[in-house]
Amino acid sequence: MTDAPIFKRLALIGTGLIGGSIARAARAQSAAGSIVATARSAATRQRVRELGFADEVAETNVDAVKGADLVIVCVPVGACGAVAEEIGPHLKKGAIVSDVGSVKGSVLKEMAPHLPAGVHFIPAHPVAGTENSGPDSGFAELFVNRWCILTPPDGADPTAVDKLGAFWSAIGANVQVMTAEHHDLVLAITSHLPHLIAYTIVGTAEDLSEVTESEVLKFSAGGFRDFTRIAASDPTMWRDVFLNNKDAVLEMLGTFNEDLSKLTRAIRRGDGEALFDHFTRTRAIRRGIVQIGQDSAAPDFGRMQPGLPHTEIPRPYASEGD
Ligand code: NAP
């Protein structure tokens, strides 16, 4: 697409769903001249070699960042600080360092002290994902028409911010800039709380299934099944999200509990009007999401339906997990 790649050398530290998708997308769109990737374990590095989505696979984080003009750290939020400490002294002057973590305030706090002057640190969060993990799960189209939020710290170089934004646009994302604090508050309600609710409800149903002898699984209707997809998300990633966005999540959880109490009261009192009004309001929100193109209007979240007996059941449609 572009005449010259936006970055000459892209280094990806962590090559799971997100790192693996960035590599595939950057290659497909010629957004980087060369791509070097690495991962924590020898098994993942070997798998990345087999999959072939990077030009080089480095054995260590330090080797990966040498000479790179864009470094994207794609590891769980809780591991970002240690990675920054490791790579800090080996970064090229003028390089841009970014990440993809689902929480931004803590990443900024943990990574910034380890990054030397002359390096541009611009945290980012692509609001796109699935419940799958690992290098096999990535795909080049993951970021298409999804938001990527950049949270540059005060005083960040605007040229570097624009350049990173151009990279994300090139691989399909819509780019928005905001503060890390605002990001964490918004994502607490749009992503973190929904995941917490899914983890809770699936856990509760599992406890009940001992009583009902797995009828919960057998008769899992659309609502519960959709929660199970979200609740299948990576435990390490989500543990780190809740540990690192504690204040915003607790604030949103407080409001959620109040609203849940109101609905509980409406059910107890048989207040159909209150229930109907609430569900009408939420239905309009769903329609708004479809209207702005952030989801499909197809029933059942756009999943393909199983065929009739004896036909192959298609793989579920991938939808965003984050
Ligand atoms: P993933 O598929 O599990 O991949 C994680 C990668 O990080 C792997 O290469 C793993 O290496 C490496 N890693 C794990 N723990 C590490 C540690 N302690 N130190 C160094 N490397 C480590 O995860 P992902 O879904 O790509 O998520 C990566 C980041 O993207 C997270 O910060 C997450 O918050 C963010 N994010 C995720 C989504 C989503 O929907 N999944 C969406 C947006 C943003 P090994 O394979 O060798 O263990």
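Structure report, in brief. (Residues numbered from 1 in each chain as written. Predicted model: local features only at pLDDT ≥ 70, side-chain atom pairs only at ≥ 80, totals over all residues. Heavy atoms only, no water.)

Digging into the environment of Gly 129
Part 1: You can see Gly 129 is positioned in the loop between strand 7 (124–127) and strand 8 (147–150).
Part 2: Note: C-alpha distance between Gly 129 and Ser 21 (108 residues apart in sequence) is 9.4 Å. (Helix = DSSP H or I, 4+ residues; strand = E, 2+ residues; numbered from the N terminus.)

Some points on the pattern of salt bridges
Part 1: In the structure shown here, the tally under the stated rule is eleven salt bridges.
Part 2: Residue Arg 45 is joined to Glu 59 by a salt bridge in which the shortest nitrogen-to-oxygen separation is 3.2 Å. Placement of the pair is Arg 45 in helix 2 (residues 42–51) and Glu 59 in the loop between strand 3 (56–57) and helix 3 (61–65), with a sequence separation of 14 residues.
Part 3: Owing to a relative accessible area of 10%, Arg 45 belongs among the buried residues under this scheme.
Part 4: Glu 59 sits in the partly exposed class, given a relative accessible area of 42%.
Part 5: Two residues, Asp 136 and Arg 47, come together in a salt bridge whose shortest N-O distance is 2.6 Å. Within this pair, whereas Asp 136 is found in the loop between strand 7 and strand 8, its partner Arg 47 is found in helix 2, the two being separated by 89 residues in sequence.
Part 6: Each member of the salt-bridge network shares a partner with another, and the members are Arg 45, Arg 49 and Glu 59. (Salt bridge = Lys/Arg side-chain N within 4 Å of Asp/Glu carboxyl O. Buried < 20%, exposed > 50% of the residue type's maximum accessible area, 1.4 Å probe, protein only.)

Concerning the sheet that holds strand 2 (residues 32–38)
Part 1: In space, the six strands of this open sheet follow the order 3-2-1-4-5-6, with parallel pairing throughout. Taken across any chain shown, the strands that pair with only one partner, and hence form the sheet edges, are strand 3 and strand 6 (120–121).
Part 2: Where strand 2 and strand 3 come together, two bridges link them in parallel fashion. Bridging across to strand 3, Ala 37 finds its partner in Val 57.
Part 3: Packed on one face of the sheet, helix 4 (residues 80–87) meets strand 1 (7–13) and strand 4 (70–73) and runs near 150° to strand 4.
Part 4: The strands that helix 6 (residues 158–170) touches are strand 1, strand 4, strand 5 (96–99) and strand 6; relative to strand 1, the one it contacts most, it runs at about 75°. (Pairing = 2+ DSSP bridges. Contact = heavy atoms within 4.5 Å. Axes fitted to C-alpha atoms, helices over the stretch in contact; angles between N-to-C directions.)

Considering the pairing of strand 8
Part 1: Bridge analysis of strand 7 against strand 8 gives four bridges, and the strand direction is antiparallel. Bridged to Pro 126 within strand 8 is Cys 148.

Geometric descriptors of this kind do not, in isolation, establish any biological role.
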